[in-house]
Amino acid sequence: MKKKLCVLAVCIAATVVFMLAAMVSSGDTSVAMAEEQAKEAKPKKAAVERSRKAVQTLDNIFKQTIVLVTDKYVHDEDDFAAGSAAVLLFKNISESGDNKVRLIDATGEPYDDENVAKDDFEREGIKRLKAGDQIYEEIVSKDGKHQLRTLTAVPVVMQKCVMCHAHYADAKKGEPIGAISYIVPIE
Ligand code: HEC
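Counting starts from 1 at the beginning of each chain's written sequence and moves along it residue by residue. Two thresholds apply to this predicted model, a pLDDT of at least 70 for residue-level local features and 80 or more for giving and counting side-chain atom pairs, whereas whole-chain, interface and lining totals are computed over all residues.

Describing the overall build of the protein
Here's step 1: When you go through the protein residue by residue, the secondary structure sums to five helices and four strands.
Here's step 2: Element order for the protein, N to C, with α for helix and β for strand: α-α-α-β-α-β-β-α-β.
Here's step 3: When burial is assessed residue by residue, the protein has 21% of its 187 residues classed as buried. Only runs of H or I of at least four residues qualify as helices and only runs of E of at least two qualify as strands under DSSP, and these elements are numbered from the N terminus. Exposure classes come from backbone-placed C-beta atoms, where a residue is buried if 20 or more other C-beta atoms lie within 10 Å of its own, exposed if 12 or fewer do, and partly exposed in between.

Overview of the nonpolar core
Here's step 1: The term nonpolar core refers to a set of buried Ala, Val, Leu, Ile, Met, Phe, Trp, Tyr and Cys residues connected through C-beta atoms within 7 Å. Residues Ala86, Leu129, Ala179 and Ile180 are the most contacted members of the largest nonpolar core, which totals 27 residues.
Here's step 2: Contributions of two or more residues to this core are made by α2 (45–73), α3 (82–96), β1 (100–105), α4 (120–130), β3 (145–155) and β4 (176–185).
Here's step 3: Of the residues forming this core, the biggest block, five residues, is contributed by β4.
Here's step 4: When sequence neighbours within four positions are dropped, the list of residues in contact with Ala86 reads Phe62, Ile66 and Leu103. Contacts here follow a simple rule: the backbone-placed C-beta atoms of the two residues must lie within 7 Å.

Here we look at the pairing of β4
Each regular strand displays side chains that alternate between the two surfaces of the sheet.
Here's step 1: For β4, a buried count of eight out of ten residues is recorded, marking the element as mostly surrounded by other parts of the structure.
Here's step 2: Two strands are counted as paired when DSSP detects at least two bridges linking them. With six bridges joining them, β1 and β4 adopt antiparallel strand pairing. What sits directly across from Lys100, in β4, is Ile183.
Here's step 3: Bridging between β3 and β4 involves nine bridges; their strand directions are antiparallel. Looking at the pairing, Val154 lines up with Gly178 of β4.

Details of the site of the ligand
Here's step 1: What makes a residue near a molecule or strand is its C-beta atom, placed from the backbone, lying within 6 Å of it. Taken together, 27 residues surround the ligand, and among them Ala81, Gly83, Cys161, Cys164 and Gly178 come closest.
Here's step 2: At the level of elements, α2, α3, β1 and α5 (161–164) are the ones that each hand at least two residues to the shell around the ligand.
Here's step 3: It is α3 that contributes the most residues to the shell around the ligand, four residues altogether.
Here's step 4: Under the convention adopted here, Pro, Cys and the residues Ala, Val, Leu, Ile, Met, Phe, Trp and Tyr are nonpolar, Asp, Glu, Lys and Arg are charged, and Gly plus all remaining residues are polar. Grouping the amino acids of the shell around the ligand by side-chain chemistry returns 16 nonpolar, six polar and five charged.

Some words on the pairing of strand β2 (residues 135–142)
Here's step 1: Sheet topology places β2 next to β3; eight bridges connect them, and they run antiparallel. Bridging from a neighbouring strand, Glu138 pairs with Arg149 of β3.
Here's step 2: Adjacent in sequence and paired antiparallel, β2 and β3 are bridged by two residues, among which Asp143 carries a positive phi angle near 50°.

Describing the sheet that holds β4
Here's step 1: Reading across from one edge, β1-β4-β3-β2 is the order of the four strands in this open sheet, with antiparallel pairing throughout. Of all the strands in the sheet, just β1 and β2 have a single pairing partner and so form its edges. Neighbour-to-neighbour, the strand axes of the sheet open up by a mean angle of 20°, direction not taken into account.
Here's step 2: For helices, the fitted axis covers only the stretch in contact; all axes are lines through C-alpha atoms, and the angles between them, taken along N-to-C directions, range from 0 to 180 degrees. Sheet contacts for α4: β1, β2, β3 and β4; angle to β4, the most-contacted strand, approximately 135°.

Note that all results are geometric; they support no functional claim without further evidence.
Structural data, given as structure tokens:
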């Protein structure tokens, strides 16, 4: 009887040791898997490049539109400003799809308090653009998906801008008075 108990105890001990070993090794496996996923988690260069191209295309269309609207449709301070049109357009675009866009101030004197840098990325980006960079970007992960965040500079493109934003007259040549902030998916 004693012998049987002994065998049983040895068996149990062996099982425990075996289970512990299995747990430790599966721990190793999960570390290895996490590393593998982290490798996979880095977005492909080609995908990042596609998102960059998408931002460039959008940025060009938006800026050309703001200039065209200001040139052809805005004649005095009471007209519906291209800035107002852009803010509304960007809000609708951001609410209806995966691309998020905002028009923000870089002078410290926005028309509307909503149109300001709201997080570290936008605040740092405004600093860099004011220091002379044309573009500021960062790849971020949200809910396991990659996104490209970009800030592009908005300079005082034409004299008419000063009609409503009087303080733009103080801006140095080429100095950005605002920025467009983009978040586009990397796919
Ligand atoms: C007719 C007046 C008017 C003209 C001209 C005008 N803007 Fe604006 N702008 C506004 C108004 C009003 C807003 C606020 C829009 C809103 O929040 O709905 C604004 C907002 C902006 C913003 C966002 C930051 C802020 O101040 O709220 C930027 C940047 C901007 N305009 C740049 C420009 C540029 C560049 C031009 C020239 C191409 C220009 N604006 C011409 C009236 C004008």
